[in-house]
Amino acid sequence: MGKKVLVVGAGGFAGGFIVEEGLRRGYEVYAGVRESTSREYLTDSRIKFVTFDFDNPETLEESLQNGVPDGGKWDWIIYNLGATKALTFSDFSRINYEYLKEFLESLKRAGKVPEKFLMMSSLSVHGPRHEEDGEKFKESDIPSPNTRYGASKLKGEMLLQMENIPYIIFRPTGIYGPRDKDYFLMMQTISKGFDFSAGYKRQMLTFIYVEDLACGIYDALEKAPTGNVYLISEEKAYSQKEFRKMVAQALGRKHVFPFPVPLWGVKVVSAIAEKWGVARMKPSTLNRDKYNIMKQRNWDVDVSKAKRDFGFNPVVSLEEGVKKAVEWYKKENWL
């Protein structure tokens with residue numbers, strides 16, 4: 001048998017692809033999910049399930065003890081659990097930090113510390129960098145997050161680095177592909193002939209296709225030394241105009257009206273949308289965190305460390321990935 005791999009947060013957008021890639025490579029894959037998690041994209045009969053209740057941390061140790069038959073343990077754990085939007089910072093901290101803290105403590109008590117523990121973090125932990133010089137983000141940059149999401153992820157990173165656990169941390173840029181709902185909203189707007197962007201100054205964006213991310217995760221687990229942080233992205237950066245053109249071509253739209261909104265306008269709308277979300281007790285996609293992300297002009301990434309350490313080589317360009325995503329959205333009647 002191959003390695004035993006546990007994917008925590010397997011029910012999320014990227015989680016399903018991470019599970020699928022592990023199966024494709026011949027590993028024994030366990031999907032860590034909540035009782036309420038949809039298993040729509042976790043239908044392969046080879047998948048083994050482990051149910052976690054993070055709101056009742058006293059049950060985590062038992063779930064870990066019973067997760068592998070005959071008292072065994074997982075060789076690798078991929079921790080993909082997290083929240084990208086929430087009503088308050090306390091919610092971000094609870095999900096992106098407290099859940100991780102309880103999970104790591106339960107791992108130790110259960111004697112299930114793996115050979116490698118890969119945590120999915122985010123490029124947002126860096127905050128705005130190189131806005132004027134346009135240089136690429138590097139792992140050596142000192143993190144200075146300006147979002148509640150980024151701060152909570154950095155808090156989780158710092159916790160993991162202080163634990164006696166052989167870790168690898170991934171900081172991916174924007175993840176997209178089939179099943180994604182965030183970039184889908186942008187594509188849906190473009191399908192209607194409009195492209196709303198924040199501010200008038202050129203913004204350079206980076207992306208990683210979800211299947212390339214999944215491949216990179218297993219390449220790192222197979223080859224990378226522990227105790228390292230890696231930035232993950234397609235090597236090329238794209239302007240909003242280039243992205244809009246690729247989406248329009250994939251959708252078969254000849255004309256899309258660019259609609260740049262001044263940053264002050266985006267800020268006002270974001271604040272209103274966030275308050276409306278709080279009133280409904282449902283996090284809004286547009287919020288103050290999202291505003292800080294949208295106003296940032298430079299998201300270019302240096303992935304040379306990942307290339308050197310484990311041969312990271314994303315093969316799906318943005319143009320090809322957008323086509324794949326649009327085809328899926330159309331097939332599933334999302335568009």
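Report follows, based on the coordinates. (Residues numbered from 1 in each chain as written. Predicted model: local features only at pLDDT ≥ 70, side-chain atom pairs only at ≥ 80, totals over all residues. Heavy atoms only, no water.)

**Digging into the overall build of the protein**
Phase 1 of the analysis: Check the secondary structure of the protein and you find 11 helices and 13 strands.
Phase 2 of the analysis: Taking 20 Å as the expected radius of gyration for a compact globule of 335 residues, we find that the protein reaches 20 Å, a close match to that expectation.
Phase 3 of the analysis: Expressed as lengths along the three principal axes of its C-alpha atoms, the size of the protein is roughly 60 × 40 × 35 Å.
Phase 4 of the analysis: The long-range fraction of contacts in the protein, counting pairs at least 24 apart against all pairs at least 6 apart in sequence, stands at 79%.
Phase 5 of the analysis: Looking at the protein as shown, the accessible area adds up to about 15,500 Å², and 52% of this sits on carbon and sulfur atoms.
Phase 6 of the analysis: Charged side chains of the protein number 50 positive and 45 negative; the gap between the two group centres comes to 5 Å. (Helix = DSSP H or I, 4+ residues; strand = E, 2+ residues; numbered from the N terminus. Rg over C-alpha atoms; globule rule 2.2 N^0.38 Å. Contact = heavy atoms within 4.5 Å. Areas by Shrake-Rupley, 256 points an atom, 1.4 Å probe, with all protein chains shown as cover. Lys, Arg positive; Asp, Glu negative; His and termini not counted. Charge placed at Lys NZ, Arg CZ, Asp CG, Glu CD.)

**Comments concerning the packing of aromatic side chains**
Phase 1 of the analysis: A complete count under the given rule lists 34 aromatic pairs for this structure.
Phase 2 of the analysis: Their ring planes at 55° and their centres at 5.9 Å tell us that F52 and F54 sit as a pair that is tilted.
Phase 3 of the analysis: Accessibility expressed as a relative area gives 2% for F52, which makes it buried.
Phase 4 of the analysis: Take F54: its relative accessible area is 5%, and that puts it in the buried class.
Phase 5 of the analysis: Directly above the aromatic system of Y30 lies the positively charged group of K48, at a separation of 5.9 Å from the ring centroid.
Phase 6 of the analysis: Cation over ring: K305 sits above Y230, and NZ or CZ is 5.1 Å from the ring centre. (Phe/Tyr/Trp six-rings, centres within 6.5 Å; stacked < 30°, edge-to-face > 60°. Buried < 20%, exposed > 50% of the residue type's maximum accessible area, 1.4 Å probe, protein only. Lys NZ or Arg CZ within 6 Å of the ring centre and 35° of its normal.)

**Side note on helix α9 (residues 288-295)**
Phase 1 of the analysis: Among the residues making up α9, those that are buried are D289, Y291 and N292. Seen along its axis, α9 keeps its buried residues to an arc of 160°; they face one direction.
Phase 2 of the analysis: Where α9 is buried, its residues contact α3 (89-110), α4 (148-162) and α8 (263-280).
Phase 3 of the analysis: One side-chain oxygen at the N-terminal end of α9 lies 3.1 Å from the backbone nitrogen of D289; it belongs to N287. (Arc of directions from axis to C-beta. Polar contact = N/O pair within 3.5 Å; in protein donor to acceptor, adjacent residues only side chain to side chain.)

**A word on the pairing of strand β4 (residues 76-79)**
Phase 1 of the analysis: Along β4, one buried face is formed by W76 and I78 and the opposite face, lined by I77 and Y79, is buried too.
Phase 2 of the analysis: Alignment of strand β1 (residues 4-8) against β4, held across four bridges, turns out to be parallel. Counterpart to V7 in the pairing with β4 is I78.
Phase 3 of the analysis: Where β4 and strand β5 (residues 116-120) come together, four bridges link them in parallel fashion. Bridged to I78 within β5 is L118.
Phase 4 of the analysis: Each parallel crossover has a hand, and the one from β4 via α3 to β5 is right-handed. (Pairing = 2+ DSSP bridges. Right-handed = clockwise from strand over helix to strand, strands pointing away.)

**As for the pattern of salt bridges**
Phase 1 of the analysis: Scanning all chains against the criterion turns up 25 salt bridges.
Phase 2 of the analysis: Shared partners join several salt bridges into a network, and the residues in it are E21, R24, R25, D219 and E222. (Salt bridge = Lys/Arg side-chain N within 4 Å of Asp/Glu carboxyl O.)

**Observations regarding the side chain of E234**
Phase 1 of the analysis: Relative to the elements of secondary structure, E234 occurs in the loop between β11 (228-232) and β12 (238-239).
Phase 2 of the analysis: Buried charged residue E234 carries no salt bridge. Nearest counter-charge: K236, at 6.7 Å.
Phase 3 of the analysis: A distance of 2.4 Å separates a polar atom in the side chain of E234 from a polar atom in the side chain of Y238.
Phase 4 of the analysis: Excluding its chain neighbours within four sequence positions, the residues that come into contact with E234 are F207, I208, P314, V316, S317 and L318.

**Some thoughts on unusual backbone geometry**
Phase 1 of the analysis: Located in the positive-phi region is R179, a residue other than glycine, with phi close to 85°.
Phase 2 of the analysis: As for its position among the elements, R179 is in the loop between β7 (174-176) and α5 (182-191).

**Brief notes about the packing of helix α1 (residues 13-24) against helix α6 (residues 210-223)**
Phase 1 of the analysis: Between α1 and α6, whose axes approach to 9 Å, the crossing angle comes to 55°. By the criterion of interaxial angle, the relationship of α1 to α6 is oblique. Relative to α6, α1 is oriented so that their crossing is right-handed. Residues F13, A14, F17, I18, E21 and G22 of α1 form the contact with α6, whose participating residues are V210, E211, L213, A214, C215, I217 and Y218. (Axes fitted to C-alpha atoms, helices over the stretch in contact; angles between N-to-C directions. Parallel < 35°, antiparallel > 145°, perpendicular 65-115°, else oblique. Left-handed = near helix turned anticlockwise from the far one by under 90°.)

**Brief notes about the sheet that holds β1**
Phase 1 of the analysis: Pairing within the open sheet is parallel, and its seven strands lie in the order β3-β2-β1-β4-β5-β6-β11. Each having just a single partner strand, β3 (48-51) and β11 make up the two edges of the open sheet. Going across the sheet, the axis of each strand differs from the next one's by a mean of 20°, ignoring polarity.
Phase 2 of the analysis: With five bridges connecting them, strand β6 (residues 167-172) and β11 associate as parallel partners. Residue pairing in the sheet places P172 in a bridge with I232 of β11.
Phase 3 of the analysis: Its contacts with the sheet put α6 on β1, β4, β5, β6 and β11, and the angle it makes with β5 is roughly 150°.

Functional significance is not addressed by these values, which are geometric in nature.
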